[in-house]
Amino acid sequence: MKTSLTINGTEHQLDADSRTTLLDALRNHLDLTGTKKGCDHGQCGACTVIVNGRRINSCLSLACMHDGDEITTIEGLGQPGNLSDLQDAFVKHDGFQCGYCTPGQICSATAMLQEVKDGWPSHVSADLTGDVDLTNAEISERMSGNLCRCAAYPNIVDAIRETAEGRK
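No experiment lies behind these values; they were computed from the predicted model shown.

Thresholds applied
Residues numbered from 1 in each chain as written. Predicted model: local features only at pLDDT ≥ 70, side-chain atom pairs only at ≥ 80, totals over all residues. Heavy atoms only, no water. Helix = DSSP H or I, 4+ residues; strand = E, 2+ residues; numbered from the N terminus. Rg over C-alpha atoms; globule rule 2.2 N^0.38 Å. Buried < 20%, exposed > 50% of the residue type's maximum accessible area, 1.4 Å probe, protein only. Contact = heavy atoms within 4.5 Å. Salt bridge = Lys/Arg side-chain N within 4 Å of Asp/Glu carboxyl O. Disulfide = S-S within 2.5 Å. Pairing = 2+ DSSP bridges. Axes fitted to C-alpha atoms, helices over the stretch in contact; angles between N-to-C directions. Parallel < 35°, antiparallel > 145°, perpendicular 65-115°, else oblique. Left-handed = near helix turned anticlockwise from the far one by under 90°. Nonpolar A, V, L, I, M, F, W, Y, C, P; charged D, E, K, R; others polar.

(A) The overall build of the protein chain, seen in detail. Looking only at helices and strands, the protein chain has 6 helices and 5 strands in total. Here the protein chain has a C-alpha radius of gyration of 16 Å; the compact-globule value for 168 residues is 15 Å, and the two agree. Reported as C-alpha extents along the three principal axes, the dimensions of the protein chain are approximately 45 × 35 × 30 Å. For the protein chain, the proportion of its 168 residues judged to be buried stands at 45%. The contacts in the protein chain between residues at least 6 apart in sequence include a share of 57% that link residues at least 24 apart.

(B) Highlighting the pattern of salt bridges. Applying the stated rule across the entire model yields 9 salt bridges. In this structure, E162 and K92 form a salt bridge, with 3.0 Å as the shortest nitrogen-oxygen distance. On the criterion of sequence distance, the pair formed by E162 in helix α6 (residues 153–166) and K92 in helix α3 (residues 85–92) is long-range, its members being 70 residues apart. Shared partners join several salt bridges into a network, and the residues in it are D24, K37 and D40.

(C) The state of the cysteines, seen in detail. Per the stated rule, a full pass over the model turns up 0 disulfides. As a non-bridged cysteine, C59 has C47 as the owner of its nearest cysteine sulfur, 3.7 Å distant. Looking at C59, the relative accessible area reads 8%, which means it is buried.

(D) Region of interest: the pairing of strand β2 (residues 10–15). In this sheet, β2 lies alongside strand β1 (residues 2–7) in antiparallel orientation, the contact comprising 6 bridges. The residue bridging S4 from the neighbouring strand is Q13, located in β2. Connecting β1 to the next strand, β2, in antiparallel fashion are 2 residues, including N8 with a positive phi near 55°.

(E) Local environment of the packing of α3 against α6. At a minimum axis separation of 8 Å, α3 and α6 run at an interaxial angle of 140°. In terms of axis orientation, α3 runs oblique to α6. As for the relative orientation of α3 and α6, their crossing is right-handed in sense. Every residue of α6 that contacts α3 at D85, L86, A89, F90 and K92 is listed here: I156, A159, I160, E162 and T163. Looking at the contact of α3 with α6 residue by residue, the classes come out as 6 nonpolar, 1 polar and 3 charged.

(F) Molecular detail of the packing of helix α4 (residues 102–117) against α6. The geometry of α4 relative to α6 is characterised by a closest axis approach of 11 Å and an angle of 35° between their N-to-C directions. The crossing of α4 and α6 is right-handed. Here Q105, A109, M112 and L113 of α4 lie close against α6, whose contacting residues are I156, I160, T163 and A164. Across the contact of α4 with α6, the residue classes tally to 6 nonpolar, 2 polar and no charged.

(G) View of unusual backbone geometry. Its identity as a non-glycine residue notwithstanding, D40 has a phi of 65°, on the positive side. Along the chain, D40 falls in the loop between α1 (22–29) and β3 (48–51). On the accessibility criterion, D40 (36% relative accessible area) is partly exposed. Phi is positive for A151, close to 65°, though the residue is something other than glycine. In this fold, A151 is placed in the loop between α5 (136–142) and α6. Residue classification places A151 among the partly exposed positions, given a relative accessible area of 47%.

Structural data, given as structure tokens:
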């Protein structure tokens, strides 16, 4: 099936089986291997990418469903020598250990910070219409779909908080 995907600002023409997941299209057809295959069941978040501004688990979505969509992967957020502010904060706060979950964590946190900026409440938000205070509970709730087997969570939270404060 022919599908047009705009990934990290570049248009790609994909000709793949209609059952190909977005994750497999990225990794196996387009050689964008930053997005990781963790559980392949949407439970770990290692495959998180941003589609049209919203974070999704790419292992649960078919590539053909995203014809014409804007997709951002970890490769589109920054490059060595030109990291995003969030990537810099992950390095500064050692927000990774083995690094396997890091691309999904950073993509998810990038979209999550935009959700906060846009005023989206979470399950633990005290006020549904006001500014969100990024407490530990708020960040943990919003990042709950991204697991880290190395348990670098305190450092991930610190990196996200510092980035959010720097963007104010």
